Amino acid sequence: MNFQSQINQESSFHLRQAMERLREGIFDPVAVRLLTAHEDRLQAAVNVGLQQVSSGKSAQLFVRGSYGQGKSHSLAYIQDYAQRQGYVTSMINLDPRELPLHQFKLVYGALMENLKFPDRNDTVFEKRWKQWVEQQFAGKSITAESVKSLIPENIPHLFRCVLTGLAMNTVALTSKQKTTKKHMAYRPREFSPQLARVFRGETISYSRLQRALKYRQVDFYREQSLVCRGFEPYWQMLQGLSELFRKMGYGGWVILFDEGESMAQANISMRNRNYQLLQQIWFSEQPAHILSVFAFTDDFFHKVESEDYDRQLLRQQGEEPLETPYFEQNYAQAWRSLNQFHLQALTAREWDDLAEKLTMMHTRAYDWSAPDQLQELLRERLKKSVGEETRYRLKGLVDQLDLEQQALMLKNVTSKANRS
């Protein structure tokens, strides 16, 4: 499909919205879809990972480039592309203070909060899950054990109970039963929101969780502990959920992490922990349908390369000091073979093509005809912005198009006034 046909499929409203967001330097899904450079090369890199995911293996992809070169734009494109291929996606920004990787429970919660589904409607997972379970048992009674049989076995016990509770109906009590001491804690409106909070990684009191599961008929919750601590149970939950997404008809799960280089800005203890977690995420041998995509600047890899992997940590073992390696392994060597997509600066010819596409979008959005000399004016504008970040160069092009459109409108008004 040529570019004009792609534009014609978009409404004028969405194209104007895209122009408005480009002026403000923020993302717009239409602009991401229509204006991504090196699209074929990026799609090929993503497809390698998606093929692995389809075969039940976790895969990874690094989007690597300098500041302002388009890493976040590329992640937005990958998210949109993955959704068009039928994958569930989640994209988050790692932050060393508010969302550090080593506090994986927070990362898990952020991934849950940012779930997006291929159909792009706002229905939350909990509602989709309940509807899907009801479809599986159409016309039959649903029990906790039958719901449990649908849940992948590698999902931790806490989340297995919560998922079952979310799919089950609350036990109905008579008016007389509700007044008894035995059922004083019966608050049916609270049970579903409480279970949804636990599913999204929040902590509620054990007594509230117990009541919600009891009245949602999840009797097997007593079989194991409901406590989840550390990285492993939340990573297992992500792996299990990716299998559940496949059962529900999606391709799998693409999780995207922007600002990955922030992990290298932590102190050495935190960096060591972050490297351990990345190693577990990227080299997990457990079957899963997850493609993890990280955006890094070159600074991250320079830091990984420059770490002192011979450094020893002195521990007191009884009366004798014991030296142990600070890092578990040389991560620079271990990660050399991973799938990387290197962002490249656009050539002058590629900027010309981008300016032409932007002109087509602008004229279609605001219903005007570009004068013949416009492309030359845009080239002049690009020459003045060499060295600036991509988003500022795009903003400059949109500003130039705005000026030309307004000049044309003024010329037409003046001409009409003179004739009359």
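This text gives an overview of the structure that appears in the document. Source: prediction; values computed, not measured. (Residues numbered from 1 in each chain as written. Predicted model: local features only at pLDDT ≥ 70, side-chain atom pairs only at ≥ 80, totals over all residues. Heavy atoms only, no water.)

## Regarding the environment of Phe-341
Short version of the rule: The helix count covers DSSP runs of H or I at least four residues long, the strand count covers runs of E at least two residues long, and both are numbered beginning at the N terminus. Exposure is judged per residue with a 1.4 Å probe applied to protein chains only, and the accessible area is read against the type maximum: over 50% gives exposed, under 20% gives buried, and values in between give partly exposed. It only takes one pair of heavy atoms within 4.5 Å for two residues to be counted as in contact.
Relative to the helices and strands, Phe-341 resides in strand 7 (residues 340-342). You can call Phe-341 buried: its relative accessible area is 4%. Spatially, the C-alpha atoms of Phe-341 and Arg-64 are 6.0 Å apart, while their sequence positions differ by 277 residues. Setting aside chain neighbours within four positions, we find Phe-341 in contact with Arg-41, Leu-42, Ala-45, Leu-61, Phe-62, Val-63 and Arg-64.

## Notes on the packing of helix 7 (residues 125-136) against helix 9 (residues 157-167)
Defined as follows: In this analysis, axes come from line fits to C-alpha atoms, helices being fitted only over the stretch in contact, and the angle between any two N-to-C directions falls in the range 0 to 180 degrees. Note on terminology: angles under 35 degrees are roughly parallel, angles over 145 are roughly antiparallel, angles of 65 to 115 are roughly perpendicular, and the others are oblique. Gly is placed with the polar residues, together with every amino acid not listed as nonpolar (Ala, Val, Leu, Ile, Met, Phe, Trp, Tyr, Cys and Pro) or charged (Asp, Glu, Lys and Arg).
Packing of helix 7 against helix 9 leaves a shortest axis separation of 8 Å and a crossing angle of 70 degrees. As summarised for this structure, helix 7 and helix 9 are arranged roughly perpendicular, according to the angle between their axes. Across from Phe-125, Glu-126, Trp-129, Lys-130 and Val-133 in helix 7, the residues of helix 9 making contact are Leu-163, Leu-166 and Ala-167. In terms of residue class, the contact of helix 7 with helix 9 is made up of six nonpolar, no polar and two charged.

## Re the nonpolar core
Condition: Grouping buried Ala, Val, Leu, Ile, Met, Phe, Trp, Tyr and Cys residues that are joined through side-chain atoms within 4.5 Å yields what is termed a nonpolar core.
If you look at the biggest cluster of nonpolar residues, it comprises 83 residues, and the most contacted ones within it are Phe-125, Trp-129, Phe-199 and Phe-300. In this view, Trp-129 contacts Val-147, Leu-150, Ile-151, Leu-163, Leu-166, Ala-167, Leu-244 and Met-248; residues no more than four positions away in its chain are not counted. Among the nonpolar cores identified, the runner-up in size contains 24 residues, and Ile-7, Val-30, Leu-34 and Leu-35 belong to it.

## Some details on the packing of aromatic side chains
Centre distance and the angle of the planes are the two values used to describe a pair of aromatic rings. The following threshold applies: Aromatic pairing here means that ring centres of Phe, Tyr or Trp (its six-membered ring) are within 6.5 Å. Orientation follows from the plane angle: under 30 degrees is stacked, over 60 is edge-to-face, and everything else is tilted. Criterion for a charge above a ring: Arg CZ or Lys NZ at most 6 Å from the ring centre, at most 35 degrees from the ring normal.
Evaluation of the coordinates by the stated rule reveals 37 aromatic pairs. Summarising the aromatic geometry, the rings of Phe-62 and Trp-282 are spaced 4.6 Å apart at their centres and angled 50 degrees between planes, so their arrangement reads as tilted. In this pair, Phe-62 sits in strand 1 (residues 59-64) while Trp-282 sits in helix 14 (residues 268-282), placing the two residues 220 residues apart along the sequence. With 5.4 Å between their ring centres and 55 degrees between their planes, Tyr-275 and Tyr-331 make a pair best called tilted. Of this pair, Tyr-275 sits in helix 14 while Tyr-331 sits in helix 16 (residues 331-334); the two residues are 56 residues apart in sequence, bridging distant segments of the chain. For Tyr-275, a relative accessible area of 0% translates into the label buried. The lysine or arginine in question, Arg-128, covers the ring of Phe-117, its NZ or CZ lying 4.0 Å from the ring centre. The residue whose ring lies beneath Arg-311 is Tyr-326, and the NZ or CZ to ring-centre distance is 4.9 Å.

## Comments concerning the pattern of salt bridges
Note the cut-off: Every case where a carboxyl oxygen of Asp or Glu lies within 4 Å of a side-chain nitrogen of Lys or Arg is listed as a salt bridge.
Under the definition given, this model contains 21 salt bridges. A salt bridge links Glu-305 to Arg-336, with the shortest nitrogen-to-oxygen separation between them at 3.6 Å. With Glu-305 in helix 15 (residues 298-306) and Arg-336 in the loop between helix 16 and strand 7, this residue pair connects regions lying 31 residues apart in the sequence. Accessibility expressed as a relative area gives 55% for Arg-336, which makes it exposed. The shortest N-O distance in the salt bridge between Asp-353 and Arg-349 comes to 3.9 Å. Of this pair, Asp-353 and Arg-349 both sit in helix 17 (residues 348-366), four residues apart, which is roughly one turn of that helix.

## Structural notes on unusual backbone geometry
Even without being a glycine, His-38 presents a positive backbone phi close to 55 degrees. Within the secondary structure, His-38 sits in the loop between helix 3 (29-35) and helix 4 (39-54).

## Details of the state of the cysteines
Among covalent bonds in proteins, the disulfide is the one between the sulfur atoms of two cysteines. Threshold: Count a disulfide wherever a pair of cysteine sulfur atoms falls within 2.5 Å.
Evaluation of the coordinates by the stated rule reveals zero disulfides. Just so you know, Cys-161 is unpaired, no disulfide at all, and the nearest cysteine sulfur is the one on Cys-228, 10.0 Å from it.

## A short note on helix 12 (residues 206-215)
Those residues of helix 12 that fall on the buried side of the exposure criterion are Leu-209, Ala-212, Leu-213 and Tyr-215. Where helix 12 is buried, its residues meet helix 9 and helix 11 (188-199). Of the residues trailing helix 12, Gln-217 is marked for its positive phi of about 65 degrees.

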